[in-house]
Amino acid sequence: MTIFVSIAAYRDPDLIPTIRDCVAKARWPDALRFGLCWQHGPGEANPSGLHGRLRLIDMPWQESGGACWARARCMTLYDGEDWFLQLDSHHRFAQDWDATLIAQAERSGAARPVLTTYGRPFDPAAPLPGPMATGIALHSFRRDGLPVAQCVEQPDWAVSRAPVRARLLSAHLLFAPGRFVADVPYDPELYFQGEEITLAIRAFTHGYDLFHPGAHVLWHQEPRRKTPLHWDDHVAAQNVAVTAQARDAASIGKVRRFLLDPETRPFGCGTARRFIDYEAYAGIRFRQRYASPGARRGDPPAAPPAPVSGEVRTWAVQIRLNRAALDDPALDRPCFWYVGLHDAENVELARADARPAEISAALARGGGEIVLERRVQAPRPPQSWTVWPTDRQGRWLAKLSGRADARCVA
């Protein structure tokens, strides 16, 4: 049993205390594998010597693309661990937090559970407050239509300590089976606002069930630290390539389009459930900017519809790419290549991205052709494939597509 711990840290002096506390409070510290995107300035404390199982993306803050971009980079460090855990870089942990999360996931009874909540706030300069189970409520809608969520303390949950169904999702505590990385990868084009609602919808429509832990797991730093934040640094006066304001505007536009006209595409909805199923489950209607009283209180919702089922088979697909058709940056230490397999109506049946190790091995074989082998599970045979590379910064390049000659192998 292993846990991949994903942490995107931007100039945060609390990163090292967070990792130390995470390890110290774990029941099984040797099972932890840390994947960090460390965005820093000169002289800021280096976390590389903290833990023997740490995978590190080390970059100056000027090259950062924002929170979601950094979380997407962290996902490229995943290496088949049993569980995926996403955190912020400023937490403190309950004793045996790892055993608690695994027990809650098993107790949920879901095939694909996601445990998530906003941690109870703490101030590093003060003693930790007492433990408390928490949930998430929809507080309001912004003028641009994006929902605003808030933490809700739930002392009554301590009675049964059972996981409770959730309507919404927190990006600073997200615990799921390891396959979540491939099923619901982070969209690096998002900036900050809208990160959590799009991820909740995408996870739900890919067949994941959302839960709040019925027990206390961690604390999250509040008030926020005084050191520079991404949007403080990335301004025109700093001569950065893209300002935070520009990134935020493009990201909000993308989130609004997703909420009003959702699609099944890379970083879009899945096909296990529908977008309207999520709205009915969560008690939210995005076009009308409506939230039910239960959603505003953070009450547990009723059980969602079961994911769409069918006779799932295993299909073998060989993807052959012309090396000359790929942009040069796709061949120079790319972040990843999106690999999607689609049915006759271009609905994504499966996603199985090519990670850096696979790409390097394929390129090392030389020749004018690059071959990617895929075995995927789907209820019907893939009819086409799409390979959409990124560069080393995670920026999208030209996509390639072709016919999938799928062979049923199981």
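*Asks:* Mind showing me how you'd approach the nonpolar core here?
*Replies:* Nonpolar side chains tend toward joint burial in soluble globular proteins. Judged by nonpolar contacts, the single largest core of 51 residues is most densely connected at Val114, Leu174, Phe180, Ile201, Tyr278, Ile284 and Phe286. Aside from chain neighbours lying at most four places away, what touches Tyr278 is Arg167, Leu168, Ile197, Ala200, Ile201, Phe204, Ile284 and Phe286.

*Asks:* Any chance you could explain the sheet that holds strand 21 (residues 400-403) here in plain terms?
*Replies:* Strands belonging to one sheet form pairs held by backbone hydrogen bonds; the direction of such a pair is parallel or antiparallel. Spatial ordering of the open sheet is given by 18-17-20-21, a layout of four strands whose pairing is antiparallel. Looking along the sheet, the strands with just one partner apiece sit at the ends: strand 18 (348-351) and strand 21. Ignoring which end each strand starts from, the neighbouring axes of this sheet average 20 degrees apart. In the sheet, strand 17 (residues 337-342) pairs with strand 20 (residues 384-389) via six bridges, with the strands oriented antiparallel. Among the inter-strand pairings, Trp337 is bridged to a residue of strand 20, identified as Pro389.

*Asks:* How do you make sense of the packing of helix 5 (residues 195-205) against helix 7 (residues 244-260) when you look at a structure like this?
*Replies:* The axes of two packed helices give the description: the angle between them and the distance between them. Where helix 5 contacts helix 7, the axes come no closer than 10 Å and their chain directions differ by 35 degrees. Of the two possible hands of crossing, helix 5 and helix 7 adopt the one that is left-handed. Across the interface between the two elements, Ile197, Thr198, Ile201 and Arg202 from helix 5 touch Val255, Phe258 and Leu259 from helix 7. Split into classes, the residues belonging to the contact of helix 5 with helix 7 amount to five nonpolar, one polar and one charged.

*Asks:* How should the pattern of salt bridges be read in this particular structure?
*Replies:* When the charged atoms of two side chains lie near each other, side chains of opposite charge can form a pair. Enumeration according to the criterion identifies 26 salt bridges in this entry. Ionic pairing is found between Asp14 and Arg92, a salt bridge with its closest N-O pair at 2.9 Å. Linking Asp14 in the loop between strand 1 (3-10) and helix 1 (15-25) with Arg92 in strand 5 (residues 91-93), this pair joins segments that are 78 residues apart in sequence. A single burial state applies to Asp14 and to Arg92, both of which are buried. As a salt-bridge pair, Arg53 and Asp30 come within 3.4 Å of each other at their nearest N and O atoms.

*Asks:* Looking at this model, I keep getting lost on unusual backbone geometry. Mind explaining?
*Replies:* Comment: phi is negative for the bulk of residues other than glycine, and the bulk of peptide bonds are trans. A positive phi angle, near 55 degrees, is found at Arg161, a position not held by glycine. Residue classification places Arg161 among the partly exposed positions, given a relative accessible area of 43%. Unlike most non-glycine residues, Arg289 shows phi in positive territory, near 55 degrees. Tracing the backbone through its elements, the reader meets Arg289 in the loop between strand 14 (284-285) and strand 15 (290-291). Residue class for Arg289 comes out partly exposed when judged on its relative accessible area of 36%.

Rules of the game
- Residues numbered from 1 in each chain as written.
- Predicted model: local features only at pLDDT ≥ 70, side-chain atom pairs only at ≥ 80, totals over all residues.
- Heavy atoms only, no water.
- Core = buried A, V, L, I, M, F, W, Y, C linked by side-chain atoms within 4.5 Å.
- Buried < 20%, exposed > 50% of the residue type's maximum accessible area, 1.4 Å probe, protein only.
- Contact = heavy atoms within 4.5 Å.
- Pairing = 2+ DSSP bridges.
- Helix = DSSP H or I, 4+ residues; strand = E, 2+ residues; numbered from the N terminus.
- Axes fitted to C-alpha atoms, helices over the stretch in contact; angles between N-to-C directions.
- Left-handed = near helix turned anticlockwise from the far one by under 90°.
- Nonpolar A, V, L, I, M, F, W, Y, C, P; charged D, E, K, R; others polar.
- Salt bridge = Lys/Arg side-chain N within 4 Å of Asp/Glu carboxyl O.

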